[in-house]
Amino acid sequence: MRYIDPHIHCVSRTTDDYQYMARCGVVAVSEPAFWAGFDRSSASSFADYFRHLTDIEPKRAARYGIDHYCWLCINAKEAENVALSREVIKLIPPLLDHPRVLGVGEIGLNKNTRNEITVFEEQVEIAARYDQLILIHTPHLEDKHKGTSIITSILKNDRRIKPERVLIDHCEEHTIRVARDNGFWAGLTIYPVTKVTPQRGADILEQFGPQMICVNSASDWGESGPTNLTDTCLEYLRRGHTEQEATEIFHNNPCRFFRQCAKWKVKPVA
Ligand SMILES: [Zn+2]
């Protein structure tokens, strides 16, 4: 089977992970810009990070036959520093034409603070002005429903934003409808320590149906990994779903969302 991991932080992963993904049939990945696990001290750190995402990591992935795309932004965790955020946001527009950049992300909220909302709105403005796809990070803990609702109402109030060009990630049972009922794509993150296990992921796919859902591992520097994506697919198949049904979810759905950006080259398979 062929897979796509639509959300993975490859800069934090080992060559073993790339080899594992290649053996399992992962043909492409998309890597949103994220928190490094510590707050960066200046905008020049982000300039280097963006070069890592756009130029270095695609070459590294290509050695394993994996097509690597990325997204640019300042993440919600570092958005408390509005002055730094604005310096970083200025770096983004000149890079949006880069052939590996799919759009603006993962932007969103972490603790739903006023500063986070300000920086989120300023990045939505960049995405709208430059007609970019958007990838959204939603808060992880008890604030998830509230944060998801704030994000979707900001996006819906901007007439320039087409919901089908936005992926709301880290959805769970109580937020998946908030995303899809408003016309957005929903991301399902299989990250057992703080988010969803493979079994619960398969439950959600069965309960809500596979339309407009992209399953990802969001593997980063924490206890996570690309096996969570393939384990979810195996669990889905073990329950009697066909390989074609699994391919629709784990390969074709991400293709359908990403190919709204002309730079994305992987096509859905039958
Ligand atoms: Zn992420």
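Just so it is clear, the model here is predicted, and its values are computed rather than measured.

Asker: Sorry, what's going on with the coordination of the zinc ion here?
Answerer: Ideal values for angles at a metal depend on the geometry: 109.5 degrees with four tetrahedral donors, 90 or 180 degrees with six octahedral donors. Taken together, His7 (NE2), His9 (NE2) and Glu106 (OE) make up the protein donors of the zinc ion, found 2.0 to 2.1 Å from the metal. Going along the chain, you hit the donors of the zinc ion in the pattern H-x1-H-x96-E. Pair noted here: His7 is in the loop between β1 (3–5) and α1 (15–24) and Glu106 is in strand β4 (residues 101–108), with a separation of 99 residues, a long-range link. Classification of Glu106 as buried rests on a relative accessible area of 2%.

Asker: I keep staring at the layout of surface pockets and nothing clicks. Help me out?
Answerer: In this model, the largest pocket occupies a volume close to 530 Å³. Across the lining of the largest pocket, the residue classes break down as nine nonpolar, nine polar and ten charged. Approximately 180 Å³ is the volume attributed to the second largest pocket. Considering only residue class, the lining of the second largest pocket consists of seven nonpolar, three polar and two charged.

Asker: Got a minute to help me understand the state of the cysteines in this structure?
Answerer: Covalently bonding the sulfur atom of one cysteine to the sulfur atom of another cysteine gives a disulfide. One pass over the full model with this rule turns up zero disulfides. Cys10 takes part in no disulfide bond, and the closest cysteine sulfur, belonging to Cys70, lies 10 Å away. We classify Cys10 as buried; its relative accessible area is 1%. No disulfide involves Cys214; its sulfur sits 9.3 Å from the nearest other cysteine sulfur, which is in Cys255. Overall, the relative accessible area of 0% leaves Cys214 in the buried class.

Asker: What should I look at first to understand the pairing of strand β8 (residues 213–216) in this one?
Answerer: The side chains of a regular strand alternate, first on one face of the sheet and then on the other. Both faces of β8 are covered, namely the face carrying Ile213 and Val215 and the face carrying Cys214 and Asn216. Examined bridge by bridge, strand β7 (residues 185–189) and β8 share four bridges and lie parallel to one another. For Gly187, the partnering residue across the bridge sits in β8 and is Cys214. Taken together, β7, helix α7 (residues 198–208) and β8 form a β-α-β motif whose crossover is right-handed.

Asker: Can you help me understand the pattern of salt bridges in this one?
Answerer: If charged atoms from side chains of opposite charge come close, those side chains can pair. Counting across every chain of the model gives 17 salt bridges. Put simply, Asp131 and Arg165 hold a salt bridge, and the shortest N to O gap is 3.6 Å. Residue Asp131 is located in the loop between α4 (114–129) and β5 (133–137), and its partner Arg165 is located in the loop between α5 (144–156) and β6 (166–168); the two are separated by 34 residues in the primary sequence. One salt-bridge network, held together by shared partners, links Asp203, Glu206, Glu235, Arg238 and Arg239.

Asker: Sorry if this is basic, but what is going on with unusual backbone geometry here?
Answerer: In most cases, non-glycine residues show a negative phi, while peptide bonds are predominantly trans. In the segment running from Gly105 into Glu106, the intervening peptide bond is cis, with an omega of -5°. You will see that His170, though not glycine, has its phi angle at about 60°, which is positive. The topology assignment puts His170 in the loop between β6 and α6 (176–180). Given the relative accessible area of 4%, His170 is considered buried. Of note, the phi angle at Met212 is positive, near 55°, even though the residue is not glycine. Residue position: Met212 is located in the loop between α7 and β8. We classify Met212 as partly exposed; its relative accessible area is 27%.

Cut-offs applied
- Residues numbered from 1 in each chain as written.
- Predicted model: local features only at pLDDT ≥ 70, side-chain atom pairs only at ≥ 80, totals over all residues.
- Heavy atoms only, no water.
- Donors = N, O, S within 2.8 Å, 3.2 Å for Na, K, Ca; no water.
- Helix = DSSP H or I, 4+ residues; strand = E, 2+ residues; numbered from the N terminus.
- Buried < 20%, exposed > 50% of the residue type's maximum accessible area, 1.4 Å probe, protein only.
- 1 Å grid on protein atoms, 1.4 Å probe; cavity = no way out; pocket = protein on both sides within 12 Å on 5 of 7 lines; lining within 4 Å.
- Points joined across faces, edges and corners; volume = space filled by probe spheres on them.
- Nonpolar A, V, L, I, M, F, W, Y, C, P; charged D, E, K, R; others polar.
- Disulfide = S-S within 2.5 Å.
- Pairing = 2+ DSSP bridges.
- Right-handed = clockwise from strand over helix to strand, strands pointing away.
- Salt bridge = Lys/Arg side-chain N within 4 Å of Asp/Glu carboxyl O.

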